Amino acid sequence: MFVIAVHFSIKPDHIDAFRQIVIRQAINSKTHEPGCLQFDVCEDPAKPGHFFLYELYTNPAAFDAHKQTPHFTEFSSSVEGMIESKEVCGLNRIEPAA
């Protein structure tokens, strides 16, 4: 399994719009991508504008396919001016022993 963890800091006047757009992105990813197993959108209640995404893919190729979808392209262009900072981390998920 391949995990993508993304931390976003969003400009204050764009928080509500970003929230709606990123939720739509999560729904589209889960609905239209068989390689996307999980797409959680989290928001820090103590830090307005701080969002964390946890995405789980079957493998790195599934994430590469995710970045080629029309909804990913639309998401990226829609939020471009809203972002103060963004940090992306790709990780291999380690399953606990049975």
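Residues numbered from 1 in each chain as written. Predicted model: local features only at pLDDT ≥ 70, side-chain atom pairs only at ≥ 80, totals over all residues. Heavy atoms only, no water.

Chemist: Whenever I open this one, the nonpolar core confuses me. Can you help?
Modeler: The tendency in soluble globular proteins is for nonpolar side chains to be buried as a group. Phe8, Ile10, Phe18, Tyr57 and Phe75 are the most contacted members of the largest nonpolar core, which has 20 residues in total. Those elements that provide at least two residues to this core are strand 1 (2-10), helix 1 (15-32), strand 2 (36-43), strand 3 (50-57), helix 2 (60-66) and helix 3 (70-79). Residues in contact with Phe18, not counting those within four places in the same chain, are Phe8, Ile10, Phe51, Phe75, Val79 and Met82. (Core = buried A, V, L, I, M, F, W, Y, C linked by side-chain atoms within 4.5 Å. Buried < 20%, exposed > 50% of the residue type's maximum accessible area, 1.4 Å probe, protein only. Helix = DSSP H or I, 4+ residues; strand = E, 2+ residues; numbered from the N terminus. Contact = heavy atoms within 4.5 Å.)

Chemist: It is not clear to me how the sheet that holds strand 4 (residues 83-92) should be interpreted in this structure. Could you clarify?
Modeler: By definition, the strands of a sheet pair up through backbone hydrogen bonds, in either a parallel or an antiparallel sense. Read from one edge to the other, the open sheet built from 4 strands follows the order 2-3-1-4, with strand pairing classed as antiparallel. At either margin of the open sheet sits one strand with a lone partner, and together these are strand 2 and strand 4. Across the sheet, the mean angle separating the axes of adjacent strands is 15° when strand polarity is ignored. Taken together, the 8 bridges between strand 1 and strand 3 define a ladder with antiparallel strand orientation. Counterpart to Ile4 in the pairing with strand 3 is Glu55. Relative to strand 2, helix 1 is tilted by about 165°, and along the sheet it contacts strand 1, strand 2 and strand 3. (Pairing = 2+ DSSP bridges. Axes fitted to C-alpha atoms, helices over the stretch in contact; angles between N-to-C directions.)

Chemist: Which parts of the structure should I look at to understand the pairing of strand 2?
Modeler: In summary, the side chains of a regular strand alternate between the two faces of the sheet. As defined by bridge partners, strand 2 adjoins strand 3 across 7 bridges and the pair is classed as antiparallel. Residue pairing in the sheet places Asp40 in a bridge with Tyr54 of strand 3. In textbook terms, the turn of a hairpin is the stretch between consecutive antiparallel strands, and for strand 2 and strand 3 this stretch comprises 6 residues, one of which, Gly49, has a positive phi near 90°.

Chemist: It is not clear to me how helix 1 should be interpreted in this structure. Could you clarify?
Modeler: An α-helical turn contains 3.6 residues, so a residue and the one three or four places further along point in the same direction. The terminal C-alpha atoms of helix 1 lie 26 Å apart, and with 18 residues this matches the ideal 26 Å at 1.5 Å per residue to within 8%. Considered for burial, the residues of helix 1 that qualify are Ile15, Phe18, Ile21, Val22, Gln25, Ala26 and Ser29. Within helix 1, the buried residues cover an arc of 145° as seen down the axis, which keeps them to one side. Facing away from the buried side of helix 1 by more than 90 degrees, the exposed set consists of Asp16, Gln20, Thr31 and His32. Contacts from the buried residues of helix 1 go to strand 1, strand 2, strand 3, helix 2 and helix 3. (Expected span 1.5 Å × (residues − 1). Arc of directions from axis to C-beta.)

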